[in-house]
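So the chains spell out like this:
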Amino acid sequence: MSFNLDHYKHTAKAVQVDDIDFDDFRDQPLSADALRCLHYMTDVETHTVCYLRDLLVTPSHQNPRITTFLTMWNFEEFWHGDVIDRILAVHDEINGLPRHESVRRAQGFAGNVVAPITQCLAAAVLGEDFIATHMTWGAVNEWSAHAAYGRLIELEQHATLTKILQRIQQQESRHLAFYMSEARERLEKSRRAQRITRFALRRFWAPVGSTITPKAETRFVLNHLLGGEDGGKMVRMLDGKVDKLPGQEGLDLVSKAMASFGVRVATA
Ligand SMILES: [Fe+2]
Ligand SMILES: [Fe+2]
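Along each chain, the written sequence defines residue order, and numbers are assigned to residues from 1. Each chain takes a letter, starting from A, and each ligand takes a number, starting from 1, following the order in which they are written. Since the coordinates come from a predicted model, pLDDT governs what is reported: local features require at least 70, and pairs of side-chain atoms require 80 or more to be given and counted, while whole-chain, interface and lining totals use all residues. Hydrogen atoms and water are omitted, and side-chain values are computed over all heavy atoms in the structure.

Asks: What's the story with unusual backbone geometry in this structure? I'm lost.
Replies: Keep in mind that most residues, glycine aside, have a negative phi and that most peptide bonds are trans. We note that Gln157 has phi near 50°; this positive angle belongs to a residue other than glycine. The exposure class assigned to Gln157 is exposed, which follows from its relative accessible area of 60%. Positive phi is not limited to glycine here, since Asp252 has a value of about 45°. Strands here mean DSSP runs of E at least two residues long; helices mean DSSP runs of H or I at least four residues long; both are numbered from the N terminus. Within the secondary structure, Asp252 sits in the loop between helix H12 (228-243) and helix H13 (253-260). Buried residues are those whose accessible area, probed at 1.4 Å on protein chains only, stays under 20% of the maximum for their type, while exposed residues exceed 50% and partly exposed ones sit between those limits. Asp252 gets classed as partly exposed once you look at its relative accessible area, which sits at 37%.

Asks: It is not clear to me how the coordination of the iron ion (ligand 2) should be interpreted in this structure. Could you clarify?
Replies: Each angle at a metal carrying four tetrahedral donors should ideally be 109.5 degrees, and each at a metal carrying six octahedral donors should ideally be 90 or 180 degrees. Within the protein, Glu77 (OE), Glu142 (OE), Glu142 (OE), Glu172 (OE) and His175 (ND1) serve as the donor atoms for the iron ion (ligand 2), at 1.9 to 2.5 Å. A donor here means an N, O or S atom no more than 2.8 Å from the metal, or no more than 3.2 Å when the metal is Na, K or Ca. Since water is not included, a site may seem to lack partners. Each donor residue of the iron ion (ligand 2) belongs to the same chain, and together they define the spacing E-x64-E-x29-E-x2-H. Here the iron ion (ligand 2) and the iron ion (ligand 1) are spaced 3.8 Å apart, with Glu77 acting as a shared donor. Of the two residues, Glu142 is situated in helix H8 (residues 129-156) and His175 in helix H9 (residues 159-189); the sequence distance between them amounts to 33 residues. With relative accessibility at 0%, the residue His175 sits in the buried group.

Asks: Help me out: how do you make sense of the coordination of the iron ion (ligand 1) in this one?
Replies: For the iron ion (ligand 1), every protein donor is listed as Glu45 (OE), Glu45 (OE), Glu77 (OE), His80 (ND1) and Glu172 (OE), and the spread of their distances is 2.0 to 2.2 Å. Ordering the donors of the iron ion (ligand 1) by residue number gives the pattern E-x31-E-x2-H-x91-E.

Asks: Would you take a moment to explain the nonpolar core for this structure?
Replies: Side chains of a nonpolar character, in soluble globular proteins, are inclined to be buried together. Residues belong to one nonpolar core when they are buried, are Ala, Val, Leu, Ile, Met, Phe, Trp, Tyr or Cys, and are joined through side-chain atoms within 4.5 Å. One finds Phe22, Leu38, Trp143, Leu152 and Ile164 to be the most contacted residues of the largest nonpolar core, which totals 69 residues. For Trp143, the residues in contact, after removing those within four places along its chain, are Leu176, Met180, Leu238, Lys241, Val242 and Leu245. Here a residue-residue contact requires only that any non-hydrogen atoms of the pair lie within 4.5 Å.

Asks: Help me understand the pattern of salt bridges in this model?
Replies: A side chain of one charge can pair with a side chain of the opposite charge when the charged atoms of the two come close. We count a salt bridge whenever a side-chain nitrogen from Lys or Arg sits within 4 Å of a carboxyl oxygen from Asp or Glu. Scanning all chains against the criterion turns up 13 salt bridges. The partner of Lys9 in a salt bridge is Asp6, and the shortest N-O contact between them spans 3.2 Å. One end of the pair is Lys9 and the other is Asp6, both in helix H1 (residues 5-11) and three residues apart, which spans about a single turn. For Lys9, a relative accessible area of 36% puts it in the partly exposed group. Two residues, Arg105 and Glu101, come together in a salt bridge whose shortest N-O distance is 3.0 Å. Here Arg105 and its partner Glu101 are both found in helix H6 (residues 97-106), four residues apart, which amounts to about one turn of the helix. Residue classification places Arg105 among the exposed positions, given a relative accessible area of 63%. Given the relative accessible area of 44%, Glu101 is considered partly exposed. Bridged by salt links that share partners, the residues Arg65, Glu128, Glu182 and Arg186 form one connected network.

Asks: I'm lost on helix H5 (residues 64-90) in this one. Help?
Replies: In an α-helix, one turn spans 3.6 residues, which is why side chains three or four residues apart end up on the same side. Between its terminal C-alpha atoms H5 stretches 40 Å, which fits the 39 Å expected from 27 residues at 1.5 Å a residue. For the purposes of these results, a polar contact is taken to be a pair of N or O atoms within 3.5 Å, where, inside protein, one atom must be able to donate a hydrogen and its partner to accept one; residues adjacent in sequence count only when each atom of the pair is a side-chain atom. N-capping of H5 is provided by Asn63, with a side-chain oxygen placed 2.9 Å from the backbone N of Arg65. Directly beyond the C-terminal end of H5, a positive phi value near 55° is found at Asp92. Under the convention used throughout, the expected extent of a helix is 1.5 Å for every residue step, that is, one less than its residue count.

Asks: Can you help me understand the environment of Ala183 in this one?
Replies: Structurally, the position occupied by Ala183 is in helix H9. Taking the relative accessible area as the measure of exposure, Ala183 reaches 0% and is therefore buried. C-alpha separation for the pair Ala183 and Arg202, spaced 19 residues apart in sequence, amounts to 16 Å. If sequence neighbours within four positions are ignored, Ala183 has contacts with Met135 and Thr136.

Okay, here's the thing in structure tokens:
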């Protein structure tokens, strides 16, 4: 069954934290490792509007069903970043607008000018089938985000953090449901879309956030969240999900990306 977009657009909202006492983090602060992961996570969440900029120059913007979703998606992702920033603020960590601005400036000419132009041109050549790649890419990134929050919950065992991250995860699940239903439908319909998507994933996919943050930070987050035995299980689960998409079997996408960052995936 296809995703109920009408219901989603009427229920998309800022993640609810009115009942959360952020001072809990003063009484029981998070570990330095968790804070480092949260910095990475909020950098990604608050960069959503820039990812959106790069997508609105592609054929995806001609499809009003997709732009309706992206409008709500961008709104919800914004609040994910905002809530994580509140956690960082309680720990006296740099957060909010100064941090977001420094991340955007760090992208330089290549990230801010060349990337949207090349994406625009490449996507225009591919036409409608580009949308299948965009939707598949989105699904993989939502799976990854959901898994990353889940692993942080398990590792940190902090009741207030768990409550907040589970609410974020619920919204990531709805994002995933949209991307998945669109990706599956489009890949099933077109062998060309399958081939383009397979090529793009194999050649260009990298863990979400890795293109905007220093390599050392990506390596740290991958190692902290997806290293070890439990992390290895998660990586294999993610690879298995990609495998099930039409024409995308056997890519070992996340395992290979981990290896490219020098992080070993624990075997079963
Ligand atoms: Fe998010
Ligand atoms: Fe999301």
